[in-house]
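Fold and geometry: a report
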Amino acid sequence: MTILPITLTIAAAAALINIWLAMRISRVRLASKVSIGDGGVPALATRMRAQANFVEYTPLFLILLGLVELAHGSATWLWLVAIVYIVCRILHAFGMDRPAPNPYRAIGIGGTLLATLALAGYALATPYLSRSAVSAAMTVTGR
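Within each chain, residues carry numbers counting from 1 in the order of the written sequence. Only residues with pLDDT of at least 70 are given local features in this predicted model, and only at 80 or more are side-chain atom pairs given and counted; all residues enter the totals for whole chains, interfaces and linings. With hydrogens and water stripped out, all remaining heavy atoms of the structure feed into the side-chain values.

1. Examining the overall build of the protein
Strands here are runs of E lasting at least two residues and helices are runs of H or I lasting at least four, both read from the DSSP assignment and numbered beginning at the N terminus. Helix and strand content of the protein: five helices and zero strands. N-terminal to C-terminal, the α/β element order of the protein is α-α-α-α-α. Projected onto its principal axes, the C-alpha coordinates of the protein cover approximately 70 × 35 × 25 Å. The buried label goes to any residue with under 20% of its type's maximum accessible area, the exposed label to any with over 50%, and the partly exposed label to all in between, with areas taken from a 1.4 Å probe on protein chains only. Counting all 143 residues of the protein, 31% fall into the buried class.

Have a look at this one:
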């Protein structure tokens, strides 16, 4: 049985952030008396969008993180990229509450994209740069 401590920790953090984002939406819903949709309330629309954006990016990030961790990616590097991702998602949520453009949103978006791109690149490189993959290719080709 393989336990993925990095992925489990970051998935738990992501679940907590998603609950926090939902609670922020609920507070505006209650104050605005809007039960469905955004009711034309800008603060509600931006908070809903912040949560939707989180839900759009996080599953793919967690899948990549788990697969790279299973492939024995560098634990230090995985912790670093995962923490950057989580911090950037929090910054993005705060940035959505402020008029655009603002540094929270910019750093949140940029960091999210860079962390996901870096993890995707690592995932793409891992099967082709690992020693076992190189050894297997050499065995198949007879070298």
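2. Things to note about the side chain of R89
Positionally, R89 belongs in helix α3 (residues 75-96). No salt bridge is formed by the buried R89; the nearest opposite charge belongs to E56, separated by 7.3 Å. Among the polar contacts made by the side chain of R89, one reaches the side chain of N53 at a distance of 2.4 Å. Every residue in contact with R89, bar those within four places of it in the chain, is listed here: A50, N53, F54, Y57, G108 and T112. Positive residues here are Lys and Arg, negative ones are Asp and Glu, while His and the chain termini are left out of the count. Whenever a carboxyl oxygen of Asp or Glu lies within 4 Å of a side-chain nitrogen of Lys or Arg, that contact is scored as a salt bridge. Definition of a polar contact: a pair of N or O atoms within 3.5 Å, with one able to donate and the other able to accept a hydrogen when the atoms are protein atoms, and with sequence-neighbouring residues admitted only if both atoms are side-chain atoms. Two residues qualify as a contact provided that any one of their heavy atoms is within 4.5 Å of a heavy atom in the partner residue.

3. Quick look at the nonpolar core
Among buried residues, the Ala, Val, Leu, Ile, Met, Phe, Trp, Tyr and Cys ones that are joined through side-chain atoms within 4.5 Å form a nonpolar core. In this structure, I10, F61, L65, L78, I86 and L119 are the most contacted members of the largest nonpolar core, which totals 19 residues. Excluding residues that lie within four positions of it along the chain, L78 makes contacts with I6, L65, V68, E69, G73 and L119.

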